[in-house]
Amino acid sequence: MKKLHTVLCTLVLMTMTFGLASCFDAAENGYRVTVPTFATVTYNEAGKVRLYLDEGRGILDPSSESANINWGGATRAIIKYDLPFITEDDVNMETVRFNSIVRSAAKIDTVPLVDVTGMDEYPSTLGNDTLLGYAFHAYWGYLTMQAFTANNFAFDMTCTYDREEFDGQNLYLNLHYASKSTGTWNYDFIQTASATLPDFLTEPGVMTSDTLNIYMMAPVWYNSARDSAYTDTVLFRIARERLTPPTYNSYGGIY
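All of the points below concern the structure found in this document. (Residues numbered from 1 in each chain as written. Predicted model: local features only at pLDDT ≥ 70, side-chain atom pairs only at ≥ 80, totals over all residues. Heavy atoms only, no water.)

Of the regular secondary structure elements, the chain holds one helix and 15 strands. In the chain, buried positions account for 47% of the 255 residues. Surface exposure of the chain reaches about 13100 Å², of which carbon and sulfur atoms provide 50%. (Helix = DSSP H or I, 4+ residues; strand = E, 2+ residues; numbered from the N terminus. Buried < 20%, exposed > 50% of the residue type's maximum accessible area, 1.4 Å probe, protein only. Areas by Shrake-Rupley, 256 points an atom, 1.4 Å probe, with all protein chains shown as cover.)

Time to look at the side chain of S100. Considering the arrangement of structural elements, one finds S100 in strand 6 (residues 97-100). For S100, a relative accessible area of 4% puts it in the buried group. Apart from the residues within four sequence positions on either side, S100 is in contact with R32, L60, D61, P62, S63, S66 and D82. (Contact = heavy atoms within 4.5 Å.)

Judged by nonpolar contacts, the single largest core of 40 residues is most densely connected at L143, M145, L175, L212 and M216. When contributions to this core are tallied by element, the ones reaching two or more residues are strand 9 (133-139), strand 10 (142-148), strand 11 (153-161), strand 12 (170-184), strand 13 (191-196), strand 14 (211-221) and strand 15 (229-239). At five residues, strand 14 tops the list of elements feeding residues into this core. Beyond its immediate sequence surroundings of up to four residues, L143 is in contact with L113, F136, H137, A138, C159, L173, A193, S194, A195, L197 and M216. (Core = buried A, V, L, I, M, F, W, Y, C linked by side-chain atoms within 4.5 Å.)

On to the sheet that holds strand 6, then. The mixed open sheet is built from six strands, whose spatial order is 6-4-3-2-5-7. Looking at strand neighbours, the two that pair on one side only are strand 6 and strand 7 (102-107), the edges of this open sheet. The mean angle between the axes of side-by-side strands here comes to 35 degrees, regardless of whether they run parallel or antiparallel. Here strand 5 (residues 76-82) runs beside strand 7; their pairing, made up of five bridges, is antiparallel. Bridging across to strand 7, I78 finds its partner in A106. (Pairing = 2+ DSSP bridges. Axes fitted to C-alpha atoms, helices over the stretch in contact; angles between N-to-C directions.)

Moving on, we come to the pairing of strand 11. Along strand 11, seven of the nine residues are buried, which leaves the element largely enclosed by surrounding structure. Pairing of strand 8 (residues 114-115) with strand 11, which is carried by two bridges, proceeds in the parallel orientation. When the sheet's bridge partners are listed, V114 is paired in strand 11 with T160. Relative to strand 12, strand 11 runs antiparallel, the two being bridged by nine bridges. Looking at the pairing, F155 lines up with S179 of strand 12.

Considering only enclosed or pocket space, the largest pocket measures out at about 270 Å³ in volume. Along its surface, the largest pocket is lined by 16 residues, and V111, F155, D156, M157 and A193 are the ones closest to its centre. Within the residue set of the lining of the largest pocket, elements represented by two or more residues are strand 11, strand 12 and strand 13. By residue number, the principal contributor to the lining of the largest pocket is strand 11, which donates five residues. A class-by-class count of the residues in the lining of the largest pocket yields eight nonpolar, six polar and two charged. (1 Å grid on protein atoms, 1.4 Å probe; cavity = no way out; pocket = protein on both sides within 12 Å on 5 of 7 lines; lining within 4 Å. Points joined across faces, edges and corners; volume = space filled by probe spheres on them. Nonpolar A, V, L, I, M, F, W, Y, C, P; charged D, E, K, R; others polar.)

What follows concerns the pairing of strand 3 (residues 49-53). Across the five residues that make up strand 3, a large majority, five, are buried. Residues V49, L51 and L53 line one face of strand 3 and the alternating positions R50 and Y52 line the opposite face, and both faces are buried. In the sheet, strand 2 (residues 34-43) pairs with strand 3 via five bridges, with the strands oriented antiparallel. Across the sheet, residue V41 finds its bridge partner in strand 3, namely L51. In textbook terms, the turn of a hairpin is the stretch between consecutive antiparallel strands, and for strand 2 and strand 3 this stretch comprises five residues, one of which, G47, has a positive phi near 90 degrees. One ladder, built from three bridges, connects strand 3 with strand 4 (residues 58-62); its direction is antiparallel.

Here it is in structure tokens:
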């Protein structure tokens, strides 16, 4: 049996991940609101960082008051930053660029998606562990996957796709997850990995719609007793102009 969730499920699960306590810092924050989000990290020739925030939160230039963060060439990260004071009603936050304090950042590994076009079976190196649940979203050219597993083991996670199944608007992905008995994952946020969206989506004439529907499927237990499993399906939509990862100067004007 297949169960279809909407993007609302993704947002609820992400909110649960961080917890309400993470939204507010103490008085040394000047009573500003500090929130977590995912971001695509870009660099200029001098190595200066500009962050393209997920969920339409805008484009952030870390201020001089930001924490001393070693970005290490990261392309995706989860950050905590101070929300900007925006007073204009007509501001488009998705593309507005602003300065603010970045309190912390953690790198998210970027993994390749696996093209299985023409294959009769999945490569043996891919995992297929059954999950308690999962969520994903796509922003700024990257797919971000989260697995709910009730453990903090090290893991491998990616997705497969078949180009022959793409009809110009709908992309079908199979999530592959495998726990590792050695090593551990930190408790700061749930097991997460990012991947660039397939390059063929941006080839001329491939996309026939202004919106890409991404369907992700994975084996999920019916309940915590793990007595049986089913294939769950989650849907997320992304505008075609957001399929390509940004560069340092891609979008936005300073606020």
